[in-house]
Amino acid sequence: MMAKASISKHRREGGDEAALRERILEAAFAAFMKSGYATTSTLEIATRARVSKRELYALVGTKQEMLIACISERAKRLDVPADLPLLRDRETLEQVLGSFGTELVREISDPAVIAVFRLAIGEAVQAPEVARALNSTGREASRAALRKIMAEAQASGLLMGRPAELAEQFAGLLWRDLLVSLLLGVAERPNHRKIAGRARDAAAAFLQLHPLPNDAPAC
């Protein structure tokens, strides 16, 4: 009985710590958005989260570690799904690119993510670590996921070329000028139907640019 009580207590404490850590990260993100990363103090974050500075450092760490954690939580949603279909033909590849492109635009066009991009741009001089964290932790997640899809397609004989270059090409077709327009506030976030249409068009255009040798039109 004592052993069961100890396990139950440990689980409650673990759950409490996870909830408290999430609260700290939410407070940190809100403070960064309101005051900027460079001028936000750990005391302000602790006050917002209603915790002591000791708890703050124990559960999350330094201010920079909080920033990386905030970005990492959002970057997790940009990984390639574990149940990615086996890329046996170009039709499946087009569907996978369309599906991933839809998810990518949906996640990155989220107002909270756009706010992080704006924060990185605004703090580029005073706190360049914001941009470095966003690039290495946030943006790299989506780039790596897309490179993985391209590498698998290449290994299956469905594409020719370097996966990194293919990934960049598809991303360019997918975004066009949407991300810049969102950052400038001159465009609204597209709805799901428009995002899905954009992704399908990008996937179709990309495959047209990369026909298989046997599919190339005769001269």
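Quick notes on the rules
Counting starts from 1 at the beginning of each chain's written sequence and moves along it residue by residue. Given that the model is predicted, a residue must reach a pLDDT of at least 70 before its local features are reported, and side-chain atom pairs must reach 80 or more before they are shown or counted; all residues, however, enter totals for whole chains, interfaces and linings. Neither water nor hydrogens contribute to the side-chain values; these are computed over all heavy atoms in the structure. Of the grid points, spaced at 1 Å and generated over the protein atoms alone, those admitting a 1.4 Å probe that cannot get out make up cavities, while open sets with protein on both sides within 12 Å along at least five of seven lines make up pockets; any residue with an atom within 4 Å of a point is treated as lining. Grid points are joined across faces, edges and corners, and a volume is the space filled by probe spheres set on the points. The helix count covers DSSP runs of H or I at least four residues long, the strand count covers runs of E at least two residues long, and both are numbered beginning at the N terminus. When residue character is reported, Ala, Val, Leu, Ile, Met, Phe, Trp, Tyr, Cys and Pro are called nonpolar, Asp, Glu, Lys and Arg charged, and the others, Gly included, polar. Each aromatic pair joins two rings of Phe, Tyr and Trp (for Trp, the six-membered one) with centres within 6.5 Å, and gets the label stacked for planes under 30 degrees apart, edge-to-face for over 60, and tilted for any other angle. The buried label goes to any residue with under 20% of its type's maximum accessible area, the exposed label to any with over 50%, and the partly exposed label to all in between, with areas taken from a 1.4 Å probe on protein chains only. Two conditions define a charge located above a ring, namely a distance within 6 Å from the ring centre to NZ of Lys or CZ of Arg, and an angle within 35 degrees of the ring normal. Expected helix span is given by 1.5 Å per residue-to-residue step, counting one fewer step than there are residues. The directions from the helix axis to the C-beta atoms are what the arc is built from. Whether two residues touch is decided by their heavy atoms; if any such pair falls within 4.5 Å, the residues are in contact. Interaxial angle, 0 to 180 degrees, is taken between N-to-C directions of lines fitted to C-alpha atoms, where a helix line uses only the stretch in contact. Relative orientations are named as follows: roughly parallel for angles under 35 degrees, roughly antiparallel for angles over 145 degrees, roughly perpendicular for angles from 65 to 115 degrees, and oblique for any other angle. Take the far helix as your reference; a near helix turned counterclockwise from it by less than a right angle gives a left-handed crossing, and one turned clockwise gives a right-handed crossing. The definition of a polar contact used here is a pair of N or O atoms within 3.5 Å, where within protein one atom must be able to donate a hydrogen and the other to accept one, and adjacent residues in sequence count solely through side-chain atom pairs.

1. A look at the layout of surface pockets
Moving on, step 1. The space that makes up the largest pocket amounts to roughly 360 Å³.
Moving on, step 2. Forming the boundary of the largest pocket are 15 residues, of which Arg139, Ser142, Arg143, Ala171 and Trp175 lie nearest the centre.
Moving on, step 3. For the lining of the largest pocket, the elements supplying multiple residues, two or more each, are helix H5 (90–108), helix H7 (128–155) and helix H8 (163–175).
Moving on, step 4. Top contributing element to the lining of the largest pocket by residue count: H8, with six residues.
Moving on, step 5. Residue composition of the lining of the largest pocket, by class: nine nonpolar, two polar and four charged.

2. Re the packing of aromatic side chains
Moving on, step 1. The full count for this structure, using the stated rule, is two aromatic pairs.
Moving on, step 2. Ring centres of Phe170 and Phe206 lie 5.9 Å apart, and the angle between their planes is 80 degrees; this geometry places the pair in the edge-to-face category. In this pair, Phe170 is assigned in helix H8 and Phe206 in helix H10 (residues 192–209), connecting sequence segments 36 residues apart. Like Phe206, Phe170 is buried.
Moving on, step 3. Over the ring of Tyr37 we find Lys63; its NZ or CZ atom is 4.6 Å from the centre of that ring.

3. Some words on H8
Moving on, step 1. Given a rise of 1.5 Å per residue, 13 residues ought to cover 18 Å, and the 18 Å separating the end C-alpha atoms of H8 matches this to within 8%.
Moving on, step 2. Listed as buried for H8 are Leu166, Ala167, Phe170, Leu174 and Trp175. When H8 is viewed along its axis, its buried side chains cluster within an angular range of 150 degrees and face the same direction.
Moving on, step 3. Of the surrounding secondary structure, the elements contacted by the buried residues of H8 are H5, H7, helix H9 (178–184) and H10.
Moving on, step 4. Backbone geometry just after H8 places Arg176 at a positive phi near 50 degrees.

4. What about the packing of H5 against H8?
A pair of packed helices can be characterised by two numbers: the angle between their axes and the separation between those axes.
Moving on, step 1. One way to put it is that H5 packs onto H8 with a least axis distance of 11 Å and a crossing angle of 60 degrees. With respect to H8, the element H5 is oriented oblique. Here H5 and H8 pass one another in a crossing that is right-handed. Contacts between H5 and H8 involve Leu97, Gly101, Leu104, Val105 and Ile108 on the former and, on the latter, Phe170, Leu174 and Trp175.

5. Considerations on the packing of H5 against H10
Moving on, step 1. Interaxial distance between H5 and H10 falls to 8 Å at its minimum, and their mutual angle equals 140 degrees. As judged from the angle between their axes, H5 and H10 are oblique. Between H5 and H10 the crossing geometry is right-handed. Residue-level inspection shows Arg90, Leu93, Glu94, Leu97, Gly98, Gly101, Thr102, Val105 and Arg106 of H5 in contact with H10, the latter providing His192, Ile195, Ala196, Arg198, Ala199, Ala203, Ala204, Phe206 and Leu207.

6. Notes on the side chain of Thr42
Moving on, step 1. Residue placement: Thr42 occurs in helix H2 (residues 42–49).
Moving on, step 2. The class of Thr42 is buried, set by a relative accessible area of 13%.
Moving on, step 3. Here the side chain of Thr42 touches Tyr57 through a polar contact of 3.4 Å, side chain to side chain.
Moving on, step 4. Apart from residues lying up to four places away in sequence, Thr42 is in contact with Lys53, Leu56, Tyr57, Lys63 and Met66.

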